[in-house]
Amino acid sequence: MITDLASQEKVIGVKQSRKAIREGRACRVYLACDADPAITDPVSDGCASAGIPVDMEYTMAQLGKACRITVGASVVAVLRG
């Protein structure tokens, strides 16, 4: 649930998220529905390969706000606890 993002351990951004996916540390990934597909498609492909669930229901502004940052976020990876 997006409202839980503020309290969960996570990484924000494409580079950090891709690294977490590659290292098997991500358990769920949020991709902004209004982000550039050139940015989000490789992340989505990595999630599909790793069997990580992807949520694409939210905008960059909504993800940024949920993570308590002042800018939009195109990718947020929730880390395993």
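Description of the structure in this document.

1. Some remarks on the side chain of Ser-17
Argument step 1. In this fold, Ser-17 is placed in helix H1 (residues 14-22).
Argument step 2. A polar side-chain atom of Ser-17 sits 2.6 Å from the main-chain carbonyl oxygen of Gly-13.
Argument step 3. For Ser-17, the residues in contact, after removing those within four places along its chain, are Val-11, Ile-12, Val-75, Val-76 and Ala-77.

2. A closer look at the sheet that holds strand S2 (residues 26-31)
Argument step 1. Reading across the sheet, the four strands line up as S1-S4-S2-S3 and stay open at both edges, with mixed pairing between neighbours. If you trace the sheet from one side to the other, it starts and ends with strand S1 (10-12) and strand S3 (54-55), each paired once.
Argument step 2. Across three bridges, S1 lies against strand S4 (residues 75-79) in antiparallel orientation. In the strand pairing of S4, Ile-12 is matched with Val-76.

3. Quick word on the pairing of S4
Argument step 1. With respect to burial, S4 is a largely interior element, five of its five residues being buried.
Argument step 2. Burial along S4 is two-sided: the residues Val-75, Ala-77 and Leu-79 and Val-76 and Val-78 are all buried.
Argument step 3. The pairing of S2 with S4 spans five bridges and is classified as antiparallel. Looking at the pairing, Tyr-30 lines up with Val-76 of S4.

4. Here we look at the state of the cysteines
Argument step 1. Enumeration over the complete set of coordinates arrives at zero disulfides.
Argument step 2. Cys-27 forms no disulfide, and the closest cysteine sulfur to it belongs to Cys-47, at a distance of 11 Å.
Argument step 3. On the basis of relative accessibility, which here comes to 0%, the residue Cys-47 falls in the buried class.

5. Here we look at the environment of Ala-73
Argument step 1. Positionally, Ala-73 belongs in the loop between helix H3 (60-66) and S4.
Argument step 2. Sequence separation between Ala-73 and Asp-55 is 18 residues, and the spatial gap between their C-alpha atoms is 13 Å.
Argument step 3. Ignoring sequence-local partners within four residues, the contact set of Ala-73 consists of Ile-12, Ala-32, Met-60, Leu-63 and Gly-64.

6. Observations regarding the environment of Thr-59
Argument step 1. Mapped onto the elements of the fold, Thr-59 is located in the loop between S3 and H3.
Argument step 2. The partly exposed category is assigned to Thr-59, whose relative accessible area is 25%.
Argument step 3. With 16 residues separating them in the primary sequence, Thr-59 and Val-43 have C-alpha atoms 16 Å apart.
Argument step 4. Setting aside its immediate chain neighbours within four residues, Thr-59 contacts Ala-32, Cys-33 and Asp-34.

What counts as what
Numbering of residues starts from 1 in each chain and follows the order in which that chain's sequence is written. The predicted nature of this model means local features are confined to residues of pLDDT at least 70 and side-chain atom pairs, given and counted, to a pLDDT of 80 or more, with totals for whole chains, interfaces and linings taken over all residues. Based on all heavy atoms of the structure, the side-chain values leave hydrogens and waters out of the count. Secondary structure elements follow DSSP: runs of H or I of four or more residues count as helices, runs of E of two or more count as strands, with numbering from the N terminus. In the analysis that follows, any N or O atom pair within 3.5 Å is treated as a polar contact, provided that within protein one partner can donate a hydrogen and the other can accept it, and provided that, for residues neighboring in sequence, both atoms belong to side chains. Contacts between residues were defined by any pair of non-hydrogen atoms, one from each residue, lying within 4.5 Å. One requirement defines pairing of two strands: DSSP has to find at least two bridges between them. Using a 1.4 Å probe on the protein chains alone, a residue whose accessible area is under 20% of its type maximum counts as buried, one over 50% counts as exposed, and one in between counts as partly exposed. Disulfides are defined as cysteine sulfur pairs within 2.5 Å.

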